[in-house]
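Chain by chain, the residues run as shown.
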Amino acid sequence: MQRVVNWLTKMRCQLRKLIIISCFCFGVSIYTLAQNTPNFKLLNEFDIPRTETIELFQNTSTGSPVILSSKGDVIFIRPINVETGLPIRLLSIRSNDTKKVKEHILRGDSLFCLIKSMEEDQPISYESVIYSLRGDVLSEAHRHQITFEEGPETKTAQRIHFTASNNGKIGLIVRQHAFSKNERASVFIEITRFPSKINRNHTIRLPFDSDDVEITGVSITNKGIVNLAVKTGVKINSPFLRKHMIYSFLPEQKQLHEYDLSLEKHFLKDILIQTINNETHTLALYSQDPFEQAQTDGFVYLEIDTSGTKVKFKNVVPFSDKVISEMQDPSGRQSSHVDHLYPSDFLKLNGNIVALFDQQYIDQVCTTDPRTGIITCTDQYHYDGLLLQSTSAEEESSVIARRQIDYKSKGPYIGHQAFSSKGRIIIFYNDHSKNESAFAERAMNNPSRAAVRYVYTDNNRELQSGMLPILDDYILFSSAPGFENKGSISMLFSDGKNFKVGRINPHEW
């Protein structure tokens, strides 16, 4: 009997130990799960009229972050309280019968606007206006008339390129002069420095006929160096004779430097040009078949140093078999290239430049009424894979197997937002709520069934992924880019009617 009692006592002690150990392990597992859950917070709810097009949610240098939207010729600016996430006030810039806002761009605390003056519904002149955002107050800081004119004799002139430096201190206007027979192409450049309010005009000549050049992109560094992406061989309209050039113009020295992106037996398209830390980064996709516009075999990358006078790095990056295989058409059709790929952004990862590409295309779904024979077609917008590709190493790449579909028009929930922060590239997009991984095959075509997926990488070879804990049907408002500040990412979220600011600190994951 005593042996039985001793055995039961011993078993009771072992059972107690087992329960304690189990509880400890359970506690550890819950702690680990909590540690891996994204630190994500949705702030207070507010509304923006559906008639407005929300363009961006951006930080400013000295004031509050702002939501910028537009409706027709009116620009709306809503400074946001960083603690509550609510708009502080509504600011606006309004056009009238004689002056229209043609283009605008927000950099730092400066809103650069291109104003078109009208007379009897015909443009007669342009103005450059800079508005300053200080302490959540909008005020006009500078205005001057641009020297080129718009009239019947200049209808054949090229489009106006309008941008500003990253620090919001320099505005740039570029326009190719109208065609003139037997003359070389010339380009008008206006540079406005702010807050000194000094503007200078320059005319540069390119070594091509005036009808043989097309300016496809521009940028300006914080030092005031102007970069032009130029396509030549336009009048001949032959892919075999077409060239793509980058020109860096140094206004103080009156110097123009030429860089040729063209490759032998490769045909370039879709140039992306961007300035990061005063260095100019540019790439152009290439194809080995000039008649297949949708096909891409790789890209040529060019980095120009901060002086604008030297090529710091140039590389030709063919897409690897792995990338081509992972970005195949969802229908299963095999090919030796990537279809429907477009350059989206340059991102920094541990000191290296990574190019982000977006796979997207438009097709149609058509139905025929059996009674009338009338055919009705609806556009389908497909946003498929995302590619992160190192500009220096072919093998360093990552493919995100996103699949999104929208109908009739590109809605605000389709697309992605990408950030580079503290040694990571982080991408957010709306995925189907039932998907368990970034490589699932379901297409997300209904915002009410969506959840927000995050994908990040530390080395551009391995991806980590998960879903944000979204509540009350709020998902990412993808079409309005958010911002990163001191490691914290802020973006705009919506349930289809109202909006909330979401704040994420991904480095605590």
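First, a word on what this report is: a plain description of the structure on this page. (Residues numbered from 1 in each chain as written. Predicted model: local features only at pLDDT ≥ 70, side-chain atom pairs only at ≥ 80, totals over all residues. Heavy atoms only, no water.)

Thoughts on the overall build of the protein chain
Formally: For helices the rule is a DSSP run of H or I covering at least 4 residues; for strands it is a run of E covering at least 2, with both sets numbered from the N terminus onward. Categorising residues by exposure relies on relative accessible area from a 1.4 Å probe, with only protein chains included: less than 20% of the type maximum marks a residue as buried, more than 50% marks it as exposed, and the intermediate range marks it as partly exposed. Contact between two residues is taken to exist if any of their heavy atoms lie within 4.5 Å; hydrogens are not considered. The protein chains shown are the only cover counted for residues, whose accessible areas, like all others here, come from Shrake-Rupley with a 1.4 Å probe.
Helix and strand counts for the protein chain stand at two helices and 36 strands. Within the protein chain, the fraction of its 509 residues that count as buried is 49%. Sequence-distant contacts in the protein chain: of pairs separated by 6 or more residues, those separated by 24 or more amount to 50%. In the structure as shown, the protein chain presents an accessible area of about 25,500 Å², 49% of it carried by carbon and sulfur atoms.

Section: the sheet that holds strand S2 (residues 53-58)
Here is the rule we go by: Here, a strand pair is defined by DSSP locating no fewer than two bridges between the strands. Interaxial angles span 0 to 180 degrees and are taken between N-to-C directions of axes, which are lines fitted to C-alpha atoms, for helices over the stretch in contact.
Reading across from one edge, S2-S3-S4-S5 is the order of the four strands in this open sheet, with antiparallel pairing throughout. Each having just a single partner strand, S2 and strand S5 (91-93) make up the two edges of the open sheet. Across the sheet, the mean angle from the axis of one strand to that of its neighbour is 20°, orientation sign disregarded. As paired strands, strand S4 (residues 74-79) and S5 are joined by three bridges and run antiparallel to one another. Counterpart to Phe-76 in the pairing with S5 is Ser-92.

Description of the state of the cysteines
Under the convention used in this document: Note on terminology: pairs of cysteine sulfur atoms within 2.5 Å are recorded as disulfides.
Following the criterion strictly, the structure yields one disulfide and no others. The disulfide that involves Cys-366 links it to Cys-377, with 2.0 Å between the sulfurs. Disulfide Cys-366-Cys-377: torsion about the S-S bond near 105°, hence right-handed. One end of the pair, Cys-366, is in strand S25 (residues 352-368); the other, Cys-377, is in strand S26 (residues 375-390), with eleven residues separating them in the sequence.

Some remarks on the sheet that holds strand S14 (residues 213-220)
Within the open sheet, the four strands sit side by side as S14-S15-S16-S17. Their pairing is antiparallel. Each end of this open sheet is capped by a strand with a single partner; those strands are S14 and strand S17 (255-260). Put simply, the sheet's adjacent strands are angled 25° from each other on average, direction ignored. Of the strand pairs in this sheet, strand S16 (residues 243-250) and S17 are connected by six bridges, and their pairing is antiparallel. Counterpart to Met-245 in the pairing with S17 is Asp-260.

With respect to unusual backbone geometry
Of the consecutive residues Phe-194 and Pro-195, the connecting peptide bond is found in the cis state with omega at 15°. For Pro-195, the location among the structural elements is in the loop between strand S12 (184-193) and strand S13 (198-209). The residue Lys-408 is not glycine, and still its phi comes out positive at about 70°. Checked against the element boundaries, Lys-408 lands in the loop between strand S28 (404-407) and strand S29 (417-421). A relative accessible area of 66% places Lys-408 in the exposed class. At Asn-460, a residue that is not glycine, the phi angle is positive and equals roughly 65°. Tracing the sequence through the fold places Asn-460 in the loop between strand S31 (450-457) and strand S32 (464-467). Overall, the relative accessible area of 1% leaves Asn-460 in the buried class.

Looking at the packing of aromatic side chains
Spelled out, the test is: Geometry of aromatic contacts follows a simple scheme: Phe, Tyr and Trp rings, the Trp one being its six-membered ring, pair when their centres are within 6.5 Å, and the pair is stacked under 30 degrees between planes, edge-to-face over 60, tilted otherwise.
Applying the stated rule across the entire model yields twelve aromatic pairs. Where Phe-57 meets Phe-483, the ring centres are 5.1 Å apart and the plane angle is 65°; that geometry is what we call edge-to-face. Of this pair, Phe-57 sits in strand S2 while Phe-483 is found in strand S34 (residues 483-485), placing the two residues 426 residues apart along the sequence. An identical accessibility class is assigned to Phe-57 and Phe-483; each is buried.

Considerations on the pairing of S13
Bridge count between S12 and S13: nine bridges; the pairing is antiparallel. Pairing of Val-187 across the sheet is with Ile-204, part of S13. The turn linking S12 back onto S13 is made up of four residues, and Lys-197 within it adopts a positive phi angle of 60°.

Brief notes about the nonpolar core
Short version of the rule: For our purposes a nonpolar core is just a set of buried Ala, Val, Leu, Ile, Met, Phe, Trp, Tyr and Cys residues, chained together by side-chain atoms within 4.5 Å.
In this structure, Ile-54, Ile-67, Phe-428, Leu-468, Met-491, Leu-492 and Phe-493 are the most contacted members of the largest nonpolar core, which totals 32 residues. Contributing elements (two or more residues each) for this core: strand S1 (40-46), S2, strand S30 (424-432), S31, strand S33 (475-476), strand S35 (488-494) and strand S36 (499-504). For Ile-67, the residues in contact, after removing those within four places along its chain, are Phe-46, Ile-48, Ile-54, Leu-56, Phe-57, Phe-76, Ile-77, Arg-78, Ile-80 and Leu-492. In this structure, Ile-189, Ile-215, Ile-220 and Leu-228 belong to the second largest nonpolar core, which totals 20 residues.

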